[in-house]
Amino acid sequence: PGDQALIIEALRDQGWKGKIITNTGFDFDTVTNLIPKSYLNGLITAIPQWEDPKIPATFRDMYFEYLKKFGPPFNIIAQMGYDAMKGLAAGIQAANSADPTAIRDAMDKPSFSFTGAFGKSSFGGKEIYGIAHQVYYVVWATEYENGKPVIKKTVEGPEALALQLKSLPFLPKK
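A brief report on the enclosed structure follows. Since the structure is predicted, the reported quantities are computational estimates derived from the model, not experimental observations.

Next up on the list: the packing of helix α4 (residues 76–95) against helix α5 (residues 100–108). Across the interface, α4 lies against α5 with an axial gap of 8 Å and an inter-helix angle of 100°. The orientation of α4 relative to α5 falls into the category roughly perpendicular. Each of Gly87, Leu88, Gly91, Ile92, Ala94 and Ala95 in α4 lies in contact with α5, whose residues at this interface are Ala102, Ile103, Ala106 and Met107. Of the residues assigned to the contact of α4 with α5, the class counts are 8 nonpolar, 2 polar and no charged.

Structure (structure tokens):
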């Protein structure tokens, strides 16, 4: 997050007035402690402010517990690891087995889902990757207006994956 603050600051100091898009890993509190809030106007990110009531309590609670234990900045990778373990636990439970093949088969079913920090998640992405093992997380398309994050749209499932992929220009277009 601190690196993002430096990039945003450099862009604004050089006169950039357009939109800035950051896919993930953005921590509003860390960035606003490093640069003026006005520099965030026009920033588009997938991470809103943690106090927003649209954010699931599981995600918000994880954020504040992380800060209490480790201090800032929050590392979004911690949440992804948490969700990976929640998904695996749900797969073991759905398979009613510790056998890796049984777990994979249970998790491959279109009806499989699990609840992690983001809320309800499932797997998909076969149309893009050829295998349906991409986690569909919830994405909060957030734009900063007047120095404050405003959730413009909550996106789930395949649409969320497509939104994340659009922000990665190096991926081949189909």
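Position of threonine 142 relative to the elements: it lies in strand β6 (residues 139–145). For threonine 142, a relative accessible area of 1% gives the class buried. From its side chain, threonine 142 meets the backbone oxygen of tryptophan 140 in a polar contact 2.9 Å long. Ignoring any residue separated from it by four or fewer positions in sequence, one finds threonine 142 in contact with Leu43, Ile44, Thr45, Ile47, Pro48, Pro149, Val150, Ile151 and Lys152.

Let us now look at a nonpolar patch on the surface. On the surface, Ile7, Leu11 and Trp16 cluster together to form a nonpolar patch covering roughly 290 Å² of accessible area. Mapped onto the fold, leucine 11 is located in helix α1 (residues 2–13).

A few words now on the nonpolar core. Counting 23 residues, the largest nonpolar core has Trp50, Phe59, Phe74 and Trp140 as its most contacted members. Elements with a contribution of two residues or more to this core: α3 (57–70), α4 and α5.

Scoring rules and cut-offs
- Residues numbered from 1 in each chain as written.
- Predicted model: local features only at pLDDT ≥ 70, side-chain atom pairs only at ≥ 80, totals over all residues.
- Heavy atoms only, no water.
- Axes fitted to C-alpha atoms, helices over the stretch in contact; angles between N-to-C directions.
- Helix = DSSP H or I, 4+ residues; strand = E, 2+ residues; numbered from the N terminus.
- Parallel < 35°, antiparallel > 145°, perpendicular 65-115°, else oblique.
- Contact = heavy atoms within 4.5 Å.
- Nonpolar A, V, L, I, M, F, W, Y, C, P; charged D, E, K, R; others polar.
- Buried < 20%, exposed > 50% of the residue type's maximum accessible area, 1.4 Å probe, protein only.
- Polar contact = N/O pair within 3.5 Å; in protein donor to acceptor, adjacent residues only side chain to side chain.
- Patch = residues over 30% accessible without salt bridge, like charges linked within 9 Å, V, L, I, M, F, W, Y side chains within 5 Å.
- Areas by Shrake-Rupley, 256 points an atom, 1.4 Å probe, with all protein chains shown as cover.
- Salt bridge = Lys/Arg side-chain N within 4 Å of Asp/Glu carboxyl O.
- Core = buried A, V, L, I, M, F, W, Y, C linked by side-chain atoms within 4.5 Å.

These figures capture arrangement, not role.
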